[in-house]
Amino acid sequence: MKNQVQEIAADCDQLPERFICKDAEEYAGESCPTEIPVIDVSLLTSSHSELDRLKSAVTTWGCFQAINHGIESSFLDKVREISRLFFNLSAEEKKKYLREEHDIEGYGNDMVFPHCKTLDWTDRLHLTVLPQHQQRLHFWPQNLTNFKEVVDEYSSKIELINEVILKALARSLNLEENCFLDQYGTTAKMMARFNYYPPCPWSDNVWGLKPHSDGSAMTLLLQDKEVEGLQILKDGQWFRVPIVPDALTINVGDQIEIMSNGIFKSPIHRVLVNSKNQRITLAMFCMPQTEKDIGPVDELITDDTPRLYKNVTFSIEFYLENYQLGKRASEACKI
Ligand SMILES: O=C(O)CCC(=O)C(=O)O
Ligand SMILES: [Fe+2]
């Protein structure tokens, strides 16, 4: 049996049962309006109104489109190009980087859990990119010129943007600007997830990615240049996330929801696939160092706003354990 969705998509005349999304009602809502806030990152240190707009975006949507973030358009194209080249490698070549059964890193599908039998219509390559000494290079494509160089450079640029955003978020709440970053510890972690969604003739019956929230502190997503697919849940309604040229789509993850004592929201989001076109995205998950305790910032706990979350060591295992039980990790930390 073929496992990689790319191979299945290339050679199938019927949608395999294991991809069929059974809950058609949940799937409805394709034509929802689009109003995700756009934030100019270059103004965040100088403009109070931009800082207020950021705060409002992240408290209501948990997500925004970041423009003027300092990464050149030509470099974003390079990042897209290496992603495309990876998925264009032969099936045999890509299988050298296959994820092993109980590992989350590597190429292939996500882990399959007993409670959610529907598989997502996506293949991905998942890599630890920072700290560099934790990179597991046997999962990194060896024969793609510049792959490592581009990913390393991109990761350090993303790390800087993540710092600017976290400092701005802290200032927007009148907190000391390093209060979130201090919880990152000394060797902040970053994981890259290259997502490949092949075109699917049965696009109304599959998920690209099922509804989920991210276990990161922050996620910085480079969308496909042409093909949309991401949707965000807000107030019970799904909203399309449009393509804004050269923007990074940034969302709060469960860990910042916890650190902000619930003020910033880690949004539920999902991906729909396109019937005619492939879609490639790159999610960079920024988070504290492994095994670092996190919890709500002290200053945010008051008589009026009591502590909502326990302190927790937010490991990948912890996220997956809860995911497996159909629970959000941030919910599992609620008092
Ligand atoms: O591909 C996308 O648009 C979103 C990806 C995503 O949500 C994820 O990788 O967690
Ligand atoms: Fe996500």
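Analysis parameters
- Residues numbered from 1 in each chain as written.
- Chains lettered and ligands numbered in written order.
- Predicted model: local features only at pLDDT ≥ 70, side-chain atom pairs only at ≥ 80, totals over all residues.
- Heavy atoms only, no water.
- Helix = DSSP H or I, 4+ residues; strand = E, 2+ residues; numbered from the N terminus.
- Contact = heavy atoms within 4.5 Å.
- 1 Å grid on protein atoms, 1.4 Å probe; cavity = no way out; pocket = protein on both sides within 12 Å on 5 of 7 lines; lining within 4 Å.
- Points joined across faces, edges and corners; volume = space filled by probe spheres on them.
- Pairing = 2+ DSSP bridges.
- Axes fitted to C-alpha atoms, helices over the stretch in contact; angles between N-to-C directions.
- Near = heavy atom within 4 Å.
- Polar contact = N/O pair within 3.5 Å; in protein donor to acceptor, adjacent residues only side chain to side chain.
- Areas by Shrake-Rupley, 256 points an atom, 1.4 Å probe, with all protein chains shown as cover.
- Sits in = over half its atoms within 2 Å of the grid points.
- Nonpolar A, V, L, I, M, F, W, Y, C, P; charged D, E, K, R; others polar.
- Core = buried A, V, L, I, M, F, W, Y, C linked by side-chain atoms within 4.5 Å.
- Buried < 20%, exposed > 50% of the residue type's maximum accessible area, 1.4 Å probe, protein only.
- Disulfide = S-S within 2.5 Å.
- Phe/Tyr/Trp six-rings, centres within 6.5 Å; stacked < 30°, edge-to-face > 60°.
- Donors = N, O, S within 2.8 Å, 3.2 Å for Na, K, Ca; no water.

Peer 1: How should I be thinking about the side chain of Asp 254 in this particular structure?
Peer 2: The topology assignment puts Asp 254 in helix 7 (residues 254-259). Residues in contact with Asp 254, not counting those within four places in the same chain, are Ser 213, Asp 214, Gly 215, Ser 216, Ser 266, Phe 314, Tyr 319, Arg 328, Ala 329 and Ser 330.

Peer 1: Please explain the layout of surface pockets as it appears in this structure.
Peer 2: Rolled over the atoms, a probe with the dimensions of a water molecule shows which regions are left empty. What the largest pocket holds in volume is close to 480 Å³. Forming the boundary of the largest pocket are 29 residues, of which Ile 104, Met 111, Ile 316, Glu 317 and Leu 320 lie nearest the centre. Elements that contribute at least two residues to the lining of the largest pocket include exactly strand 5 (189-197) and helix 8 (316-324). Considering every element that reaches the lining of the largest pocket, the biggest residue donor is helix 8, with 5 residues.

Peer 1: Honestly, the sheet that holds strand 6 (residues 209-212) in this entry has me stumped. Any pointers?
Peer 2: Paired through their backbone hydrogen bonds, the strands of a sheet run either parallel or antiparallel. With antiparallel pairing, the 4 strands of this open sheet are ordered in space as 6-11-8-9. Sheet topology places strand 6 and strand 9 (237-240) at the edges, where each strand pairs with a single neighbour. Across the sheet, the axes of successive neighbouring strands diverge by a mean angle of 20 degrees, strand direction being ignored. Here 4 bridges tie strand 8 (residues 230-234) to strand 9, and the two strands are oriented antiparallel to one another. Directly across from Ile 232, in strand 9, lies its bridge partner Phe 239.

Peer 1: Can you walk me through the site of ligand 1 in this structure?
Peer 2: Tyr 197, His 212, His 269, Arg 279 and Thr 281 are the nearest of the 14 residues found near ligand 1. At a separation of 3.4 Å, an oxygen atom of ligand 1 approaches a polar side-chain atom of Arg 193. The side chain of Thr 281 places a nitrogen or oxygen atom 2.8 Å from an oxygen atom of ligand 1. Relative to its unbound accessible area of 290 Å², ligand 1 is 96% covered by the protein chains. More than half of the atoms belonging to ligand 1 lie within 2 Å of the grid points that define the largest cavity. At the level of elements, strand 5, strand 6, strand 11 (269-271) and strand 12 (279-287) are the ones that each hand at least two residues to the shell around ligand 1. Looking at side-chain class alone, the shell around ligand 1 contains 7 nonpolar, 4 polar and 3 charged residues.

Peer 1: Sorry, what's going on with the nonpolar core here?
Peer 2: By size, the foremost hydrophobic cluster in this structure holds 99 residues, and its most contacted members are Tyr 154, Phe 180, Phe 194 and Leu 248. The element best represented in this core is helix 6 (residues 147-172), accounting for 11 residues. Ignoring any residue separated from it by four or fewer positions in sequence, one finds Leu 248 in contact with Phe 64, Gln 65, Ala 66, His 69, Ile 71, Tyr 154, Ile 158, Ile 161, Leu 220, Leu 221 and Leu 222.

Peer 1: Is there a simple way to explain the sheet that holds strand 3 (residues 106-108) in this structure?
Peer 2: Spatially, 1-2-10-7-12-5-4-3 is the arrangement adopted by the 8 strands of the open sheet, whose pairing is mixed. Bordering the open sheet on either side are strand 1 (38-40) and strand 3, each of which pairs with just one other strand. Averaged over all neighbouring strand pairs, the angle between strand axes comes to 25 degrees, with direction disregarded. Pairing analysis gives 9 bridges linking strand 5 to strand 12, with the strands arranged antiparallel. Bridge assignment links Tyr 196 to a residue of strand 12, and that residue is Ile 280. Packed onto the sheet, helix 6 meets strand 2 (63-67), strand 4 (123-130), strand 5, strand 7 (218-222), strand 10 (248-252) and strand 12 and runs at close to 130 degrees relative to strand 7.

Peer 1: Explain empty space enclosed by the protein here, please?
Peer 2: Inspection of the entire model under this criterion finds 2 cavities of 30 Å³ or more. Looking at the largest cavity, its volume works out to about 800 Å³. Lining the largest cavity are 46 residues, with Asp 110, Arg 193, His 212, Phe 285 and Tyr 319 sitting closest to its centre. In terms of residue count, strand 12 provides more of the lining of the largest cavity than any other element does, 5 residues in total. Residue composition of the lining of the largest cavity, grouped by class: 23 nonpolar, 16 polar and 7 charged.

Peer 1: Hey, could you run me through the state of the cysteines in this one?
Peer 2: Every disulfide links exactly two cysteines, by a covalent bond between their sulfur atoms. Enumeration over the complete set of coordinates arrives at 0 disulfides. This cysteine, Cys 286, is not joined by any disulfide, and Cys 63 carries the nearest cysteine sulfur, 15 Å off.

Peer 1: Before we go on, may I ask you to explain the packing of aromatic side chains in this structure?
Peer 2: Each aromatic ring pair is characterised by the separation of its centres together with the angle its planes make. Inspection of every chain in the model, using the stated rule, returns 11 aromatic pairs. Relative to Tyr 97, the ring of Phe 86 has its centre 6.4 Å away and its plane inclined at 55 degrees; by these criteria the two rings are tilted. Remark: Tyr 97 occurs in the loop between helix 5 (91-94) and strand 3 and Phe 86 occurs in helix 4 (residues 73-88); sequence separation between them is 11 residues. An identical accessibility class is assigned to Phe 86 and Tyr 97; each is buried. Their ring planes at 70 degrees and their centres at 5.4 Å tell us that Phe 314 and Phe 318 sit as a pair that is edge-to-face. The exposure classification of Phe 314 matches that of Phe 318, with both residues buried.

Peer 1: Honestly, the coordination of the iron ion (ligand 2) in this entry has me stumped. Any pointers?
Peer 2: Where a metal carries four tetrahedral donors, each ideal angle is 109.5 degrees; where it carries six octahedral donors, the ideal angles are 90 or 180 degrees. Distances from the iron ion (ligand 2) to its protein donors, His 212 (NE2), Asp 214 (OD) and His 269 (NE2), fall within 2.1 to 2.2 Å. In the primary sequence, the donor residues of the iron ion (ligand 2) line up as H-x1-D-x54-H. Of this pair, His 212 sits in strand 6 while His 269 sits in strand 11, and the two are 57 residues apart along the sequence. Classification of His 212 as buried rests on a relative accessible area of 13%.

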